[in-house]
Amino acid sequence: MPKVKKSAFDIDLQKLVGPLRILSYLISKPWGVKMLHSSSYFTKGQRIKDLRNEECYIPSRNDGPDIRIRIFRPDTEEILPALLYIHGGGYLIGIPEISLNVIEQYIKRRKCVVVAVDYRKGLKHGYPDGFNDCYDTLLWMKENAESLNIRSDKFVVGGHSAGGGLTAAVTLKACDKGDVNLAFQMPIYPMIDCRQNTESAKAMDKGVPTWNAKSNKLGWKTYLQNIEGEIPTYASPALSTKFNHLPPTITFVGELEPFKDETITYVESLKSAGVPVKFELFEKAYHAFETTDSKADVSKRANRFQYEAWEQFYDKYL
């Protein structure tokens, strides 16, 4: 595939293309993954000002280690809706604290409690470890709703990138099993198709910043390392063929990133099944552009879209 030139990207995003190409290179190498994952721990324990910040460990239901979670809520005794937030990182890197800006915006725009899960990931933990940690956390939220001062009748699940993939997977299982009632889901530019055979998954390689075909290959290879035989839909939600039981959905994606086509296909499948969807495609934008360069005009538009959609769905479905 030819290299994607810097000039292909939105002019406001071009200044960071070089440094972010280095990031996509690092995350395509096991040694780079180890380095980046270790560096994410420098954010561990960081707090969001003017909110209640808690950390606790909850039990695994699948013989795993206790699961670290962060709980963020406004300083109120009101019973509030709850959002399970799942951070991104290609199923390879990161902890909840890397997403504090996003979490803060959700809470400040509409009162809610956010539970952010530090699921298992990295080169050692493939499916179903991280997925189980996320689903166990959702069940724990429902079972402990009274002590958490949250609603038990409706929940929201959201996340970006691999966190978006896990959002789609957790949502799928919750709707299949009927364990938890979900008001809506927010799988933002989700990593959901292990086949990596779409045009964007193959073409967005050389010259693509943040996350490209090579880093995508390592992410999926690592995440699926424990699976023999058929890939479960909870590992790769794009493999699902049933969509009409899923809740209303918010998502967006950049035009110049590997997940573009799989996100669009997912959106079209939901719409065809009659599921309400708010979706936007942002031209000339690379993966996670709205967080890596939040001051760019296209990033401001993307953030305005996702937070206004959050407000609208909150008001309508919660």
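Everything in this summary refers to the structure shown in the same document.

The rules we used
Residues numbered from 1 in each chain as written. Predicted model: local features only at pLDDT ≥ 70, side-chain atom pairs only at ≥ 80, totals over all residues. Heavy atoms only, no water. Helix = DSSP H or I, 4+ residues; strand = E, 2+ residues; numbered from the N terminus. Rg over C-alpha atoms; globule rule 2.2 N^0.38 Å. Areas by Shrake-Rupley, 256 points an atom, 1.4 Å probe, with all protein chains shown as cover. Lys, Arg positive; Asp, Glu negative; His and termini not counted. Charge placed at Lys NZ, Arg CZ, Asp CG, Glu CD. Buried < 20%, exposed > 50% of the residue type's maximum accessible area, 1.4 Å probe, protein only. Core = buried A, V, L, I, M, F, W, Y, C linked by side-chain atoms within 4.5 Å. Contact = heavy atoms within 4.5 Å. Axes fitted to C-alpha atoms, helices over the stretch in contact; angles between N-to-C directions. Parallel < 35°, antiparallel > 145°, perpendicular 65-115°, else oblique. Left-handed = near helix turned anticlockwise from the far one by under 90°. Nonpolar A, V, L, I, M, F, W, Y, C, P; charged D, E, K, R; others polar. Polar contact = N/O pair within 3.5 Å; in protein donor to acceptor, adjacent residues only side chain to side chain. Pairing = 2+ DSSP bridges. Phe/Tyr/Trp six-rings, centres within 6.5 Å; stacked < 30°, edge-to-face > 60°. Lys NZ or Arg CZ within 6 Å of the ring centre and 35° of its normal.

**Looking at the overall build of the protein chain**
Looking only at helices and strands, the protein chain features 11 helices and 8 strands. Against the 2.2 N^0.38 benchmark of 20 Å for 318 residues, the protein chain shows a C-alpha radius of gyration of 18 Å, consistent with a compact globule. Seen through its principal axes, the protein chain has C-alpha atoms that stretch 55 × 45 × 45 Å. Of the roughly 13,400 Å² that the protein chain leaves accessible, carbon and sulfur atoms contribute 48%. On the protein chain, the mean spot of the 43 positive side-chain charges and the mean spot of the 39 negative ones are 5 Å from each other.

**A word on unusual backbone geometry**
Following tyrosine 127, the chain continues into proline 128 via a peptide bond in cis, with omega recorded as 10°. Phi angles above zero are rare outside glycine, and glutamine 196 is one such case at about 50°. For glutamine 196, the position within the fold is in the loop between β6 (182-188) and α7 (199-203). In this structure glutamine 196 comes out as partly exposed when scored by relative accessible area, which is 22%. Its identity as a non-glycine residue notwithstanding, alanine 288 has a phi of 60°, on the positive side. Within the element layout of this structure, alanine 288 appears in the loop between β8 (277-282) and α10 (289-292).

**Quick look at the nonpolar core**
Counting 60 residues, the largest nonpolar core has Ile86, Leu138 and Tyr223 as the members making the most contacts within it. Leave out the neighbours within four places in its chain, and tyrosine 223 touches Tyr91, Gly126, Tyr127, Phe131, Leu166 and Ala235. Counting residues in hydrophobic clusters, the runner-up holds 46 residues, among them Ile107, Val156, Ile250 and Leu256.

**With respect to the packing of helix α3 (residues 100-109) against helix α11 (residues 297-317)**
For any two helices packed against each other, the geometry is given by the interaxial angle and the distance between the axes. The geometry of α3 relative to α11 is characterised by a closest axis approach of 10 Å and an angle of 40° between their N-to-C directions. Here α3 is positioned oblique relative to α11, judged by the angle of their axes. Between α3 and α11 the crossing geometry is right-handed. Seen from α3, the contacting residues are Asn101, Val102, Gln105, Tyr106 and Arg109; seen from α11, they are Gln306, Tyr307, Trp310 and Glu311. Grouping the amino acids of the contact of α3 with α11 by side-chain chemistry returns 4 nonpolar, 3 polar and 2 charged.

**Considerations on the environment of asparagine 216**
Position of asparagine 216 relative to the elements: it lies in helix α8 (residues 213-223). Judged by its relative accessible area of 1%, asparagine 216 falls in the buried class. Each C-alpha atom, one on asparagine 216 and one on isoleucine 188, is 16 Å from the other, the two residues being 28 residues apart in sequence.

**Re the side chain of serine 161**
Among the secondary structure elements, serine 161 is positioned in the loop between β5 (150-160) and α6 (162-177). Within the structure, serine 161 has its side chain in polar contact with the side chain of histidine 287 (distance 2.9 Å). If we skip the residues at most four places from it in the chain, serine 161 touches Gly88, Ile188, Tyr189, Pro190, Met191, Phe259 and His287.

**Here's the deal with the packing of helix α4 (residues 129-143) against α6**
The contact between α4 and α6 brings their axes to 10 Å, and the two run at 55°. Taken together, α4 and α6 sit at an angle that is classed as oblique. For the pair α4 and α6, the crossing hand works out as right-handed. Contacts from Gly130, Phe131, Cys134, Tyr135 and Leu138 of α4 reach α6 at Leu166, Ala169, Val170, Lys173, Ala174 and Lys177. Residue composition of the contact of α4 with α6, grouped by class: 8 nonpolar, 1 polar and 2 charged.

**Side note on the pairing of strand β3 (residues 80-86)**
Burial within β3 is extensive, with 7 of its 7 residues counted as buried. Judged from the 6 bridges that link them, β3 and β5 form a sheet pairing that is parallel. In the sheet register, leucine 83 faces β5, and the bridge partner there is valine 156. For β3 and strand β4 (residues 113-118), the ladder comprises 4 bridges, and the chain directions are parallel. Looking across to β4, one finds that leucine 84 is bridged to valine 115.

**Some remarks on the packing of aromatic side chains**
What the rule picks out here adds up to 25 aromatic pairs. Look at phenylalanine 184 and phenylalanine 313: their rings are 5.5 Å apart centre to centre, the planes differ by 90°, and that puts the pair in the edge-to-face class. Taken together, the residues span a long stretch of sequence, with phenylalanine 184 in strand β6 and phenylalanine 313 in helix α11 at a distance of 129 residues. Residue phenylalanine 313 is classed as buried on the basis of its relative accessible area, which comes to 5%. Put simply, the rings of Tyr85, Tyr106, Phe184, Tyr307, Trp310, Phe313, Tyr314 and Tyr317 pair up and form one aromatic cluster. A cation sits over an aromatic face here: lysine 121 above tyrosine 119, 4.4 Å from the ring centre.

Function cannot be read off these values alone, since they describe shape.
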